[in-house]
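Structural characterization, general
Spelled out, the chains give:
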Amino acid sequence: MNVALWAEIRRLTEIEKLSGHVIARRLHCSRHTVAKALKLEQPPTRQAAPRASLLDPYVDRIKDLLAKYPGLSAVRIREEIARGPEGYTGSATVLRRYLRRVRPARGRVYQEVHYQPAQAMQVDWGECGRVQVGSTPRKVSVFVAVLCYSRLVYIEFTLSQRKAEFYRGLVNALTFFGGSPRNLIFDNLKAAVRNGSGRHACFHPEFLALCGYFCLQPVACAARDPQSKGVVEGGVRYVKHNALAGRAEQLQRFEDYLALAPYWRDQVANSRLHETTRTRPIERFEQERALLRPLPAIPFDTDEVVPAIVSPHARVAFDGNRYSAPPQFVRKTITLRANANEVRLLHEGQVVARHVRSYERGQLLVLPEHRLAALSLRQPPHQQTLEQEFDSWGPQARAFHLGLNSRPVKTGVHVRRLLNLARVYGRTEVLAAIGRALELATYDAASVENLLLAQRRRRQLPTPTLPTPQRRELIDDIELEPADPALYDRFCHNTEEDSHAAT
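Residues numbered from 1 in each chain as written. Predicted model: local features only at pLDDT ≥ 70, side-chain atom pairs only at ≥ 80, totals over all residues. Heavy atoms only, no water.

1. Re the overall build of the chain
Basically, it comes down to this: Secondary structure counts use DSSP, requiring at least four H or I residues in a row for a helix and at least two E residues in a row for a strand, with both numbered from the N terminus. Think of it in three bands: with a 1.4 Å probe and only protein chains considered, a residue is buried below 20% of the maximum accessible area for its type, exposed above 50%, and partly exposed in between. Contacts are assigned to residue pairs that have any heavy atoms within 4.5 Å of one another. Surface accessibility follows the Shrake-Rupley procedure with a 1.4 Å probe radius. Residue values consider only the protein chains on display as shielding.
Secondary structure assignment for the chain yields 19 helices and 14 strands. Counting all 503 residues of the chain, 43% fall into the buried class. Put simply, 60% of the contacts in the chain that link residues at least 6 apart link residues at least 24 apart. As presented, the chain carries roughly 29,400 Å² of accessible surface, and 51% of it is formed by carbon and sulfur atoms.

2. Some thoughts on the confidence of the model for the chain
Under the convention used in this document: pLDDT is a residue-level measure of predictor confidence that goes from 0 to 100.
Averaged over every residue, the pLDDT of the chain is 85; residues scoring 70 or more account for 88%. Counted against residues more than four places away or in other chains, residues 466-503, with its pLDDT under 50, gives 52 contacts.

3. Focus: unusual backbone geometry
The residue Ala118 is not glycine, and still its phi comes out positive at about 65 degrees. Tracing the backbone through its elements, the reader meets Ala118 in the loop between helix H6 (92-102) and strand S1 (120-133). Since its relative accessible area comes to 1%, Ala118 is described here as buried. One non-glycine residue with positive phi stands out, namely Ala314, at about 60 degrees. Among the structural elements, Ala314 can be located in the loop between strand S8 (304-309) and strand S9 (315-318). The class for Ala314 is buried, based on a relative accessible area of 6%.

4. Observations concerning the layout of surface pockets
Formally: For each structure, a 1 Å grid was placed over the protein atoms alone; sets of points admitting a 1.4 Å probe that cannot get out are labelled cavities, open sets with protein on both sides within 12 Å along at least five of seven lines are labelled pockets, and lining residues have an atom within 4 Å of a point. Grid points are joined across faces, edges and corners, and a volume is the space filled by probe spheres set on the points. Asp, Glu, Lys and Arg are counted as charged, while Ala, Val, Leu, Ile, Met, Phe, Trp, Tyr, Cys and Pro are counted as nonpolar; the rest, among them Gly, fall into the polar class.
As a volume, the largest pocket reaches approximately 1,000 Å³. For the lining of the largest pocket, the elements supplying multiple residues, two or more each, are strand S7 (217-220) and helix H9 (230-244). In terms of residues, the lining of the largest pocket owes the most to one element, H9, which gives 7 residues. Residue classes in the lining of the largest pocket are distributed as 17 nonpolar, 11 polar and 9 charged. In this structure, the second largest pocket encloses a volume near 360 Å³.

5. Some points on the packing of aromatic side chains
Here is the rule we go by: Classification of ring pairs uses Phe, Tyr and Trp, with its six-membered ring standing for Trp, and accepts pairs whose centres are within 6.5 Å; under 30 degrees between planes counts as stacked, over 60 as edge-to-face, and the remaining range as tilted. Only lysine NZ and arginine CZ atoms are considered, and such an atom sits over a ring when it is within 6 Å of the ring centre and within 35 degrees of the ring normal.
Scanning the entire structure with this criterion turns up 18 aromatic pairs. Measuring from centroid to centroid gives 6.0 Å for Phe214 and Phe300, while their planes differ by 55 degrees, and the two rings are tilted. You can see Phe214 sitting in the loop between helix H8 (205-213) and S7 and its partner Phe300 sitting in the loop between helix H11 (281-289) and S8, a full 86 residues away along the chain. Exposure remark for Phe214: the relative accessible area of 4% places this residue in the buried category. Site record: aromatic cluster; members linked through ring pairs are Trp125, Phe143, Phe166, Tyr167, Phe186, Phe203 and Phe207. Here the guanidinium or amino end of Arg284 rests over the ring plane of Tyr149, the centre of that ring lying 4.0 Å away.

6. Considerations on the nonpolar core
Filter applied, for reference: Among buried residues, those of type Ala, Val, Leu, Ile, Met, Phe, Trp, Tyr and Cys that are joined through side-chain atoms within 4.5 Å constitute a nonpolar core.
Judged by nonpolar contacts, the single largest core of 33 residues is most densely connected at Phe166, Phe186 and Phe207. Of all the secondary-structure elements, those providing two or more residues to this core are S1, strand S2 (136-147), helix H7 (163-177), strand S4 (183-186) and H8. When residues in this core are grouped by element, the largest group, 7 residues, is from H7. If we ignore the near neighbours within four places in the chain, the residues touching Phe186 are Val123, Ala192, Val193, Phe203, Phe207, Pro218, Val219, Ala220, Cys221 and Lys229. Among the nonpolar cores identified, the runner-up in size contains 30 residues, and Val133, Val146, Ala269 and Tyr359 belong to it.

7. Some remarks on the pairing of S4
For clarity, the cut-off: At least two bridges found by DSSP between two strands is the condition for calling them paired.
Alignment of S1 against S4, held across 3 bridges, turns out to be parallel. If you follow Ala120 over to S4, its bridge partner there is Asn183. The sheet contact formed by S4 and S7 spans 4 bridges and is parallel. Along S7, the bridge assignment pairs Phe186 with Ala220.

8. Considerations on H6
Because the α-helix completes a turn every 3.6 residues, residues three or four places apart line up on one side. Rules: Here, the arc refers to the directions that run from the helix axis to the C-beta atoms.
Among the residues making up H6, those that are buried are Ala92, Leu95, Tyr98 and Leu99. Here the buried residues of H6 occupy an arc of 120 degrees about the axis, which is enough to place them on one side. Exposed positions of H6 whose direction lies more than 90 degrees from the buried face are Arg100 and Arg101. Of the surrounding secondary structure, the elements contacted by the buried residues of H6 are helix H4 (59-68) and helix H5 (74-81).

9. Focus: the packing of helix H14 (residues 395-405) against helix H16 (residues 427-440)
Using the following cut-off: As a rule, the C-alpha atoms of each element are fitted with a line to give its axis, helices using only the stretch in contact, and angles between N-to-C directions run from 0 to 180 degrees. Should an angle fall under 35 degrees it is called roughly parallel, over 145 degrees roughly antiparallel, and 65 to 115 degrees roughly perpendicular, with every other angle called oblique. Each helix crossing is assigned a hand: it is left-handed if the near helix lies turned anticlockwise from the far helix by less than a right angle, otherwise right-handed if that turn is clockwise.
Across the interface, H14 lies against H16 with an axial gap of 10 Å and an inter-helix angle of 50 degrees. Between H14 and H16, the angle falls in the class oblique. Note on packing geometry: the crossing formed by H14 with H16 is left-handed. Judged by residue contacts, Gln396, Ala397, Ala399 and Phe400 of H14 engage Leu431, Ile434, Gly435, Ala437 and Leu438 from H16. Classifying every residue of the contact of H14 with H16 by side-chain character gives 7 nonpolar, 2 polar and no charged.

10. A look at the sheet that holds S8
Strands sit in the order S8-S11-S12-S13 across an open sheet of 4 strands; the sheet is antiparallel. At either end of the open sheet lies a strand with only one pairing partner, and these are S8 and strand S13 (350-356). On average, adjacent strands in this sheet sit at an angle of 25 degrees to one another, irrespective of strand direction. Here strand S11 (residues 333-338) runs beside strand S12 (residues 342-347); their pairing, made up of 4 bridges, is antiparallel. Among the inter-strand pairings, Thr335 is bridged to a residue of S12, identified as Leu346.

11. So, a positive patch on the surface
Stated formally: In this analysis, a patch consists of residues with relative accessible area above 30% that form no salt bridge, clustered at 9 Å for like charges and at 5 Å for the nonpolar side chains Val, Leu, Ile, Met, Phe, Trp and Tyr. Any Lys or Arg side-chain nitrogen located within 4 Å of an Asp or Glu carboxyl oxygen qualifies as a salt bridge. Counted as positive: Lys and Arg. Counted as negative: Asp and Glu. His and the chain ends are not counted at all. Charge coordinates come from a single atom per side chain, which is NZ of Lys, CZ of Arg, CG of Asp or CD of Glu.
Residues Arg96, Arg97, Arg100 and Arg101 make up a contiguous surface patch of positive charge. As for its placement among the helices and strands, Arg96 is situated in helix H6. Judged by relative accessible area, which is 38%, Arg96 ranks as partly exposed.

Below you can see the structure in the form of structure tokens.
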């Protein structure tokens, strides 16, 4: 008898007041079935009759083995009960099914943890794929920090998981929260733990300095135990499944990741209705904000500081790239300090060079002043003095000097010619002609002289009245012919006429 038949029999009896004979005839069943249904006060339940199993003769033997060896595998138990002429001949599948029914379930039983306001913050890294930075493919990582009570989240995308990036992410997260909680929970990453794990973890001295600066109690999780920081583990999954999912076309450059982080953090993650707390993190954070410890007035230094030896080529290697250094520090030890945007070189506490940090690999970044200084050291002392005098004119002269060095010409000859022109026409006019030459990208002294004469003619200025032998000596000493011979002859002719007129 099934439940539907039992229910219909009761309805016909109680509601329609039919007799058992009529009910049996209408439902095409026996009168005994009707009588049996009316005796049941609860719906009938189908219970399968116990079936005999090949394991039945060996159950007692199996129980003895489990009592003595609780973790014994099904294969080993089958070997034991299959011995002898009357041993077990069935399959291991039947035995495994029986063991799952009688053996206690294995695995951890987790306890839900409830945090108080400002009690703890959990941090972790997540991997987000790759992105092309210039000509170099780089891995993108996301640093996630979550306040355990309010579930307020902070995220920051980086191109590495280096120690400095971890410290910088921590400081940025505390700055975003506006204070520090009492505990900091993390796994056994090398930036924080030198060896050991959990309660036996030996922390990195620099990490302890950071925790002491912000009065944080470091709490390391046990090895291979991500569940002990489940709040931030859920945050990392949320970033991958919500912030990054479906945005492959929008995230073509690393700058796109940097722009996504604050938008998604403020407009989505911290404004949503949290599944566990059933409140918005930004609203729940208002109960926690006042209990956070205020941050110190002086920012914590998160720069990456490494000693470096300047190579014979006046280069310093850092993060897969080479940065130029002043040539006077060749083969000397200097200090390199790098933050997210800048690389600084220091010698005896003084900054001697600044570079924009490059996240490509295999790049050579050379400052123009370093190239000029290195080239000047390769010149004879007399030529060094002339070129230093020319460079002292200002940034236009240094830029023109750098352009000369980029061409296969005798730089000293051109510099000498420009200095002679300055003695004849004055430094101001020569610098104006040099500025025009920079605009035209013509790096030679003859072009500067032609531009100088052209601008004097345009302004209707007279030619300097110098004695002809002196003027010709100034020009011939340069060992170069001007770019326009006719202009050169006209210039000398005008000089001779001016000289006769003066006489």
